[in-house]
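# Structural characterization, general
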Amino acid sequence: MPFEAQSNAELLKRRQAAVPRGVASAAPVFASFAENAEVWDVEGNRYVDFVGGIAVLNTGHRHPRVVAAAKAQEDLYTHTSFQVMPYAPYIELAERLNELAPGDHAKKTLLVTTGAEAVENAVKIARAATGRPGIIAFTGGYHGRTLLTLGMTGKISPYKKDVGPFPSDIYRAPFPSQRDGISVQDALTGLRNLMLTDAQPERIAAIIIEPVLGEGGYTPVPFEMMQALRALCDQHGIMLIADEIQAGFGRTGKWFAIEHSGVVPDLITVAKSLAGGYPLAGVIGRAEVMDAMIPGGLGGTYGGNPVACAAALAAIDVIAEEGLLERSTALGDHFKVKFAEIGARSAPYRMWDIRGLGGMVAVEFVTDFATATPDADLTKRVVAHALDRGLLLLSCGLHGNALRIMVPLTASDAIIEEGLAIFEAALQAAVAEQHA
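Quick summary incoming for the structure in this document. (Residues numbered from 1 in each chain as written. Predicted model: local features only at pLDDT ≥ 70, side-chain atom pairs only at ≥ 80, totals over all residues. Heavy atoms only, no water.)

## Overview of the overall build of the protein chain
Quick reminder of the rule: Numbering of helices and strands runs from the N terminus, with a helix taken as a DSSP run of H or I at least four residues long and a strand as a DSSP run of E at least two residues long. Here, two residues are considered to be in contact whenever any of their heavy atoms come within 4.5 Å of each other. What sets the accessible areas is the Shrake-Rupley method with a 1.4 Å probe; for residues, cover comes only from the shown protein chains. By the counting rule applied here, Lys and Arg register as positive and Asp and Glu as negative, while His and the ends of each chain are not counted. Note on charges: their place is set at NZ of Lys, CZ of Arg, CG of Asp or CD of Glu.
Helix and strand counts for the protein chain stand at 13 helices and 15 strands. Along the first, second and third principal axes, the C-alpha atoms of the protein chain reach 60 × 60 × 45 Å. Long-range contacts, defined here as pairs at least 24 residues apart, represent 72% of the contacts in the protein chain between residues at least 6 apart. Entry remark: accessible area of the protein chain is about 17900 Å², with carbon and sulfur atoms responsible for 55%. Treating the 37 positive side-chain charges of the protein chain as one cloud and the 48 negative ones as another, the clouds have centres 4 Å apart.

Encoded structure:
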């Protein structure tokens with residue numbers, strides 16, 4: 001396999017000189033080659049990948065069918081701008097997404113480039129469809145790093161620190177939290193009180209929520225809360241937006257995480273694993289809602305790039321034909337069992353909450369079970385020791401003390417077990433180091 005004859009240390013030095021520090025990297029090593037759930041750095045060191053490009057690679061690195069579809073499209077044309085001269089792959093992908101999205105109503109799809117762009121367009125569409133300005137989001141939700149999406153993102157550091165003010169008419173509602181003792185009823189009471197004190201329902205265009213919090217800690221929305229949100233939106237003529245950017249395309253064992261609740265949203269934002277590693281995002285929604293914008297009101301120069309569309313069509317086929325929805329469910333069950341065993345064996349009373357939906361699984365590290373005090377220090381040590389041993393991991397959560405699993409769903413059982421063994425060794429080392 002090919003390797004670049006370069007040094008990680010030298011590239012790190014060049015990176016620090018050329019790239020702003022705000023673009024953080026979790027690992028000080030540089031990729032040279034990747035395949036399925038494995039990555040090699042420029043020095044030839046191998047890593048088991050439990051990160052998947054931040055949940056982008058549900059079909060794995062360089063899936064042969066995805067790469068072949070992209071290369072075939074590259075031999076035809078790579079760009080015309082859909083707003084200038086449209087092309088079939090955009091239409092074909094929109095048709096597929098309209099079919100996959102929950103609900104038996106007519107749907108239409110807008111394709112863009114990034115997740116934040118998808119969220120911004122969903123807000124624009126909701127405002128145009130309702131004639132209202134307001135948006136309600138939730139504590140711990142993550143919706144992007146542009147100024148509008150940062151206004152909706154419910155976590156200050158590192159995303160929102162020092163870059164305000166943020167747009168107006170954005171309101172924050174509480175999210176159910178076992179840690180903070182906030183029940184579903186408490187959260188819904190808080191939302192209703194918000195509508196009595198600040199967020200006039202007749203001025204709210206949309207409620208946006210991740211069916212499973214991503215950066216916020218991989219916490220699923222309780223189904224009864226999602227159903228209550230749907231009823232509340234119907235009562236007040238509000239659009240319900242499901243932000244499926246991280247949870248979609250098989251990560252939770254269904255095409256879209258919201259399907260687990262039986263709720264049908266008005267708009268869905270998608271990105272990440274949509275195109276098997278290629279930059280592509282979109283908004284899927286009720287046809288009449290999607291048509292609220294006047295011609296020219298939606299789009300972007302690169303939106304729905306034909307190469308990315310071809311890759312996405314192939315990635316969707318791979319997920320369906322290789323049984324990756326079922327694989328995700330099985331992996332999630334396996335990780336929960338193994339984490340419980342590893343915690344009891346190697347870190348008693350430190351792995352507090354093992355949670356998730358399908359293969360979207362996380363574990364929180366705490367100082368002890370009695371207080372459940374978040375232990376971000378231990379989490380960082382586990383990530384660092386795992387990297388030293390050849391495993392890529394990434395943390396998340398409001399307190400930075402959760403580890404999330406985003407391993408490609410195509411990973412072999414052998415790779416999964418190898419990664420879990422490295423994780424346990426890293427955990428043992430981190431606990432010993434912390435108590436040295």
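## Quick word on the nonpolar core
We count it as follows: In this description, a nonpolar core means a group of buried Ala, Val, Leu, Ile, Met, Phe, Trp, Tyr and Cys residues linked to one another through side-chain atoms lying within 4.5 Å. Under the scheme applied here, a residue whose accessible area is under 20% of the maximum for its type counts as buried, over 50% as exposed, and between as partly exposed, the area being computed with a 1.4 Å probe on protein chains only.
Membership of the largest hydrophobic core comes to 110 residues, with the highest contact counts inside it found for Ile136, Phe256, Phe335 and Phe423. Apart from residues no more than four positions distant in its own chain, Ile136 is found in contact with Tyr171, Ala173, Leu191, Leu194, Met195, Ala199, Ile204, Ala206, Ile207 and Ile208. In terms of nonpolar packing, the next biggest core, distinct from the first, is built from 18 residues, Tyr47, Val51, Tyr218 and Met360 among them.

## Considerations on the side chain of Ser273
Using the following cut-off: In protein, a polar contact means a hydrogen-donor-capable atom and an acceptor-capable atom, both N or O and within 3.5 Å, with residues adjacent in sequence counting only if both atoms are side-chain atoms; elsewhere, any N or O pair within 3.5 Å suffices.
Structurally, the position occupied by Ser273 is in the loop between β9 (267-270) and β10 (281-286). For Ser273, a relative accessible area of 2% puts it in the buried group. Separated by 3.4 Å, the side chain of Ser273 and the backbone nitrogen of Leu57 make a polar contact. In this structure, Ser273 is in contact with Ala55, Val56, Leu57, Asn58 and Phe249, ignoring residues within four places of it in sequence.

## A word on the sheet that holds strand β1 (residues 31-35)
Selection criterion: Strands pair, by our definition, only if DSSP identifies at least two bridges between them.
Pairing in this open sheet of 4 strands is mixed, and the strands run β1-β2-β3-β13 from one edge to the other. Across the chains shown, the open sheet's two edge strands, defined by having one partner strand only, are β1 and β13 (391-392). Note that strand β3 (residues 46-49) and β13 share 2 bridges and pair parallel. Residue pairing across strands places Val48 opposite Leu391, the latter belonging to β13.

## Things to note about the packing of aromatic side chains
The line we're drawing: Two aromatic rings from Phe, Tyr or Trp, using only the six-membered ring of Trp, form a pair when their centres are within 6.5 Å; if the ring planes differ by under 30 degrees the pair is stacked, by over 60 it is edge-to-face, and anything between is tilted.
All told, the structure shown has 12 aromatic pairs when counted by the stated rule. Seen from their ring centres, Phe50 and Phe335 are 5.5 Å apart, and the 80 degrees between their planes marks the pair as edge-to-face. Taken together, the residues span a long stretch of sequence, with Phe50 in the loop between β3 and α2 (52-55) and Phe335 in helix α11 (residues 324-346) at a distance of 285 residues. Judged on exposure class, the residue Phe50 and its partner Phe335 are both buried. Counting every residue linked through ring pairs, the aromatic cluster contains Phe50, Phe335, Phe339 and Phe423.

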